[in-house]
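Coordinate inspection notes
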Amino acid sequence: MTFKRFVNVIEIVVLVVAVGFVVELFANEPGGNSGGAAKSGPGYDVYLANCARCHGQDGQGEVGPKLAGVVTADFPNAKDEIAVVRDGRASMPSFKNDLSATQIQDVVAYTRTLK
């Protein structure tokens, strides 16, 4: 009887570990996060350091407008979005003295993946 109870406990532990593993797979999948964008890479790093304080960590908008799901509609041509990041517009500051052209391109590419 004790052996059967031991086996039942092991089965429960294995089931809990398997469920936890599946949950972690979905939580860490680039397309499975709340922002829909890969949460790594140069564009993401630049975004977190320079944009998230106004636009929110996942582009949901805070002080600045929402980017997630709307930035490509607002800027169908990525060059137009690059110009806004580089030169600023209204309350959006210019980043031409803070970010390199490559960093601006990386962050624009990242924001265009936010869902």
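Now for a description of the structure that goes with this document.

Conventions we followed
- Residues numbered from 1 in each chain as written.
- Predicted model: local features only at pLDDT ≥ 70, side-chain atom pairs only at ≥ 80, totals over all residues.
- Heavy atoms only, no water.
- Salt bridge = Lys/Arg side-chain N within 4 Å of Asp/Glu carboxyl O.
- Helix = DSSP H or I, 4+ residues; strand = E, 2+ residues; numbered from the N terminus.
- Buried < 20%, exposed > 50% of the residue type's maximum accessible area, 1.4 Å probe, protein only.
- Arc of directions from axis to C-beta.
- Contact = heavy atoms within 4.5 Å.
- Polar contact = N/O pair within 3.5 Å; in protein donor to acceptor, adjacent residues only side chain to side chain.
- Patch = residues over 30% accessible without salt bridge, like charges linked within 9 Å, V, L, I, M, F, W, Y side chains within 5 Å.
- Areas by Shrake-Rupley, 256 points an atom, 1.4 Å probe, with all protein chains shown as cover.

**A word on the pattern of salt bridges**
Evaluated as defined, the whole model comprises three salt bridges. Glutamate 81 is the partner of arginine 112 in a salt bridge, and the nearest nitrogen-oxygen pair spans 2.9 Å. Taken as a pair, arginine 112 in the segment after α6 (101–111) and glutamate 81 in helix α5 (residues 78–87) lie far apart in primary sequence, 31 residues in all. Assigned by exposure class, arginine 112 and glutamate 81 land together as buried. Note that arginine 86 is salt-bridged to aspartate 87, the shortest N-O span being 3.0 Å.

**As for α5**
For α5, the set of buried residues is Glu81, Ile82, Val84 and Val85. Seen along its axis, α5 keeps its buried residues to an arc of 160°; they face one direction. If you follow the buried residues of α5, they end up packed against α4 (71–74) and α6. Regarding α5, its N-cap is asparagine 77, as a side-chain oxygen of that residue lies 2.8 Å from the backbone nitrogen of lysine 79 further along.

**Quick notes on the environment of threonine 102**
Looking at the element boundaries, threonine 102 is found in helix α6. Take threonine 102: its relative accessible area is 49%, and that puts it in the partly exposed class.

**Some thoughts on the environment of glycine 41**
Note on placement: glycine 41 falls in the loop between α1 (2–28) and α2 (42–50). Residue class for glycine 41 comes out partly exposed when judged on its relative accessible area of 28%. Linking glycine 41 and aspartate 106, residues 65 residues apart in sequence, is a C-alpha distance of 8.8 Å.

**Considering a nonpolar patch on the surface**
A cluster of nonpolar side chains, Phe3, Phe6, Ile10 and Val14, forms an exposed patch at the surface whose accessible area comes to about 440 Å². Looking at where phenylalanine 3 falls in the secondary structure, it is placed in helix α1.

**Notes on α6**
Of all the positions in α6, only Ile104, Val107, Val108, Tyr110 and Thr111 are classed as buried. Angularly, the buried residues of α6 cover 160° about the axis, an arc narrow enough to put them on a single face. Contacts from the buried residues of α6 go to α2, α4 and α5.

By themselves, these observations are geometric and do not establish any function.
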